[in-house]
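Here is what each chain is made of, one letter per residue.
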Amino acid sequence: NAGVTQTPKFQVLKTGQSMTLQCAQDMNHEYMSWYRQDPGMGLRLIHYSVGAGITDQGEVPNGYNVSRSTTEDFPLRLLSAAPSQTSVYFCASSYSQGALSGNTIYFGEGSWLTVV
Amino acid sequence: AQTVTQSQPEMSVQEAETVTLSCTYDTSESDYYLFWYKQPPSRQMILVIRQEAYKQQNATENRFSVNFQKAAKSFSLKISDSQLGDAAMYFCAYRAGAQKLVFGQGTRLTINP
């Protein structure tokens, strides 16, 4: 019963480096999303996807790319890391339409990223 | 645009007492869901309770209950018999259909032994 799995859990990057945060879910959820959480703040949406091949921007998309080639996976790419991207990143998933599920969004355990 | 507001950045309560966390939201939708998530120091996001807007009955999960006032767009969380393990950040969140989850700013709850 894996749920939403994120890797890596911790990462330190140098300014200008690129990397990919991996996210996988085994619940056959159509909807997947990435959030970032900065100190003392709630979660802000970076990008989301309502199904394979479909992605869209959230509140804070700049500096990030996503793709959704399969239902299970939704990687987040940092193109050229900046100190402002130091944050905790959460991947989340849910059914797109589902009164039975209550549209509950399930979260991964978070990925702590530091850019120096 | 939908917004969620938590007006209490911090709250504290004595162990075994009851505490209520406030949340208000703004939406033009008639059908939506409201959630309370708990985030302990580990940063894991844990669903505490969920409320469907079309249900008038307030949701309850053990020691956690909500006071959902749809007309007032208010969704408060009541924690009864507070325990040390309840100490965490609590986030109120809103979602309409397949739309994104919108979060409030959070309330940090401290439990005093």
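Data block above holds the structure.
On a predicted model such as this, the values are computed, not experimentally measured, just so you know.

1. Notes on the overall build of chain A
At step 1: The helix and strand inventory of chain A stands at 0 helices and 11 strands.
At step 2: Counted from the first residue to the last, chain A has its helices and strands arranged as β-β-β-β-β-β-β-β-β-β-β.
At step 3: The C-alpha radius of gyration computed for chain A amounts to 14 Å, which stays within 12% of the reference 13 Å derived for 116 residues, consistent with globular compactness.
At step 4: With respect to the principal axes defined by its C-alpha atoms, chain A has extents near 45 × 30 × 25 Å.
At step 5: Taking all 116 residues of chain A together, the buried fraction comes to 47%.
At step 6: Partitioning the contacts of chain A with sequence separation of at least 6, the portion at a separation of at least 24 is 54%.

2. Re unusual backbone geometry
At step 1: The omega torsion across A:Thr7 and A:Pro8 is -5°, close enough to zero to call that bond cis.
At step 2: As for its position among the elements, A:Pro8 is in the loop between β1 (4-7) and β2 (10-13).
At step 3: Phi at B:Asp81 takes a positive value of approximately 50°, unusual for a residue other than glycine.
At step 4: For B:Asp81, the position within the fold is in the loop between β9 (74-79) and β10 (88-95).

3. What to know about the side chain of A:Ser49
At step 1: Note that A:Ser49 resides in strand β5 (residues 43-51).
At step 2: One polar contact links A:Ser49 to A:Arg68, side chain to side chain, over a distance of 2.7 Å.

4. Re the state of the cysteines
Each disulfide consists of a covalent bond between the sulfur atoms of two cysteine residues.
At step 1: A complete count under the given rule lists 2 disulfides over all chains for this structure.
At step 2: Put simply, A:Cys23 and A:Cys91 are joined by a disulfide, and their sulfur atoms are 1.8 Å apart. The chirality of the disulfide connecting A:Cys23 with A:Cys91 is left-handed, given an S-S dihedral of about -75°. Of this pair, A:Cys23 sits in strand β3 (residues 19-25) while A:Cys91 sits in strand β9 (residues 87-94), and the two are 68 residues apart along the sequence. There is no split in this pair, since A:Cys23 and A:Cys91 are both buried.
At step 3: Linked covalently through their sulfurs, B:Cys23 and B:Cys92 form a disulfide whose S-S length is 2.0 Å. Its S-S torsion of approximately -70° makes the covalent link between B:Cys23 and B:Cys92 left-handed. Note that B:Cys23 is positioned in the loop between β3 (19-21) and β4 (24-26) and B:Cys92 in strand β10, a separation of 69 residues in sequence.

Cut-offs used in this document
- Residues numbered from 1 in each chain as written.
- Chains lettered and ligands numbered in written order.
- Predicted model: local features only at pLDDT ≥ 70, side-chain atom pairs only at ≥ 80, totals over all residues.
- Heavy atoms only, no water.
- Helix = DSSP H or I, 4+ residues; strand = E, 2+ residues; numbered from the N terminus.
- Rg over C-alpha atoms; globule rule 2.2 N^0.38 Å.
- Buried < 20%, exposed > 50% of the residue type's maximum accessible area, 1.4 Å probe, protein only.
- Contact = heavy atoms within 4.5 Å.
- Polar contact = N/O pair within 3.5 Å; in protein donor to acceptor, adjacent residues only side chain to side chain.
- Disulfide = S-S within 2.5 Å.

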